[in-house]
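Residues per chain, in single letters:
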Amino acid sequence: MTGTRRHRAAGPLFVAPFLALFLLLFLAPLGYAAYLSLFQSRLIGGTVFVGLDNYTQALGDPQLLHGVGRVALFFVIQVPVMLLLALLFALALDSGLLRLARVIRLGIFVPYAVPSVVAALMWGYLYGPDFGPFAQLSRKLDLPAPHFLSDGWMLGSLANIVTWEFVGYNMIILYAALRTIPQELYEAAAVDGAGAWRIAWSVKLPALRPALLLTLLFSVIGSFQLFNEPNLLMKIAPDVISSSYTANLYAYSLAFTGQQVNYAATVSFLLGLVIVIASYGVLLTANRGSRESRAGRDSIGRAA
């Protein structure tokens, strides 16, 4: 009995360090932020309890709404391009037809190893309308300099930076998923006369659905938390990127520039709620599509 009790106690003991860190570094700050969001600091009366007044104000805040809408548009534009490139690279590497595949794989992944701050500074230099290489080359060719940091181009410029950073990361996830597909499936498809394109479409892509869903969820979270890139480019394009350009940047500016800690906590909570709803929507859509495709295959099988 003593040995059995020790075995039963071993599990909670192994999990205890993680639970302690999770409580101290995640749940406790989250609870404190929720507490702060229920108060307001006023010149007369000091800090007073206001209940949900901060949330009511935030839901009608045009700066917050425009920031959320902007990152939603960013997500719609940037994520499909990034995941499509990651998928193409993963399929190309898995095909075994590329020479120096390891070097190519490393070269695609290296941008992810570059800190986002460094990447934003580097691309900010490349985008520069006065000192950037694109602008200098345009002047030498007597062409108008591209306005990468203008209002109309800024969202695309940010999308390009994020895509450059994270294509390799998503490619590694998809490539690792491809390597787990049993070779027997490829052999069976080849026996049935399927070529390389047919195998990629009918075998590899269906097997990649869970990995694609995972990368999509990561992209939802990352897009709505967009911060480093606009925060750094704001220094060289202050007329285009304001302190409320993204919702995350707005919360940061409220807390550390405007000293509105309570309202910043409210904005952060609402942003988290938007991320949860968007992630749940992605999961619900993916699960529904999976059930419909499975039902379609079953009906075809019964008809046959």
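Refer to the structure presented above.
Residues numbered from 1 in each chain as written. Predicted model: local features only at pLDDT ≥ 70, side-chain atom pairs only at ≥ 80, totals over all residues. Heavy atoms only, no water.

### Considering the nonpolar core
- Core analysis: the largest hydrophobic core is formed by 44 residues, its most contacted members being Leu 64, Leu 174, Leu 208 and Val 267.
- Breaking this core down by element, the ones donating at least two residues are helix H2 (53–59), helix H3 (62–95), helix H7 (154–179), helix H8 (183–191), helix H9 (196–207), helix H10 (209–224), helix H12 (247–256) and helix H13 (261–303).
- If near-sequence neighbours (up to four positions away) are discounted, Leu 208 is found in contact with Leu 87, Leu 174, Ala 177 and Leu 178. (Core = buried A, V, L, I, M, F, W, Y, C linked by side-chain atoms within 4.5 Å. Buried < 20%, exposed > 50% of the residue type's maximum accessible area, 1.4 Å probe, protein only. Helix = DSSP H or I, 4+ residues; strand = E, 2+ residues; numbered from the N terminus. Contact = heavy atoms within 4.5 Å.)

### A closer look at the pattern of salt bridges
- Across all of its chains, the model carries two salt bridges by this definition.
- The closest approach of N and O atoms between Arg 179 and Asp 94, which form a salt bridge, is 3.0 Å. Of this pair, Arg 179 sits in helix H7 while Asp 94 sits in helix H3, placing them 85 residues apart in sequence.
- For Arg 179, a relative accessible area of 51% puts it in the exposed group.
- The exposure class assigned to Asp 94 is buried, which follows from its relative accessible area of 10%.
- Of the charged contacts in the structure, one is a salt bridge between Asp 94 and Lys 204, with a shortest N-O distance of 2.9 Å. In this pair, Asp 94 sits in helix H3 while Lys 204 sits in helix H9, placing the two residues 110 residues apart along the sequence. As far as burial versus exposure is concerned, Asp 94 and Lys 204 are alike and both buried.
- Here the salt bridges share partners, and the residues they tie into one network are Asp 94, Arg 179 and Lys 204. (Salt bridge = Lys/Arg side-chain N within 4 Å of Asp/Glu carboxyl O.)

### Digging into the packing of aromatic side chains
- Under the criterion given, the structure shown has 19 aromatic pairs.
- Seen in terms of ring centroids, Phe 39 and Phe 49 are 5.5 Å apart; in terms of plane orientation they differ by 75°. Their pairing is edge-to-face. Pair noted here: Phe 39 is in strand E1 (residues 39–42) and Phe 49 is in strand E2 (residues 46–49), with a separation of 10 residues, a long-range link.
- By relative accessible area, which is 15% here, Phe 39 ends up buried.
- The class for Phe 49 is exposed, based on a relative accessible area of 57%.
- Measuring from centroid to centroid gives 6.0 Å for Tyr 125 and Phe 131, while their planes differ by 15°, and the two rings are stacked.
- Classification of Tyr 125 as partly exposed rests on a relative accessible area of 43%.
- In this structure, Arg 70 packs its charged tip against the face of Tyr 245, placed 4.5 Å from the ring centre.
- Just above the ring of Tyr 186 sits the side chain of Lys 204; from NZ or CZ to the centre is 5.5 Å. (Phe/Tyr/Trp six-rings, centres within 6.5 Å; stacked < 30°, edge-to-face > 60°. Lys NZ or Arg CZ within 6 Å of the ring centre and 35° of its normal.)

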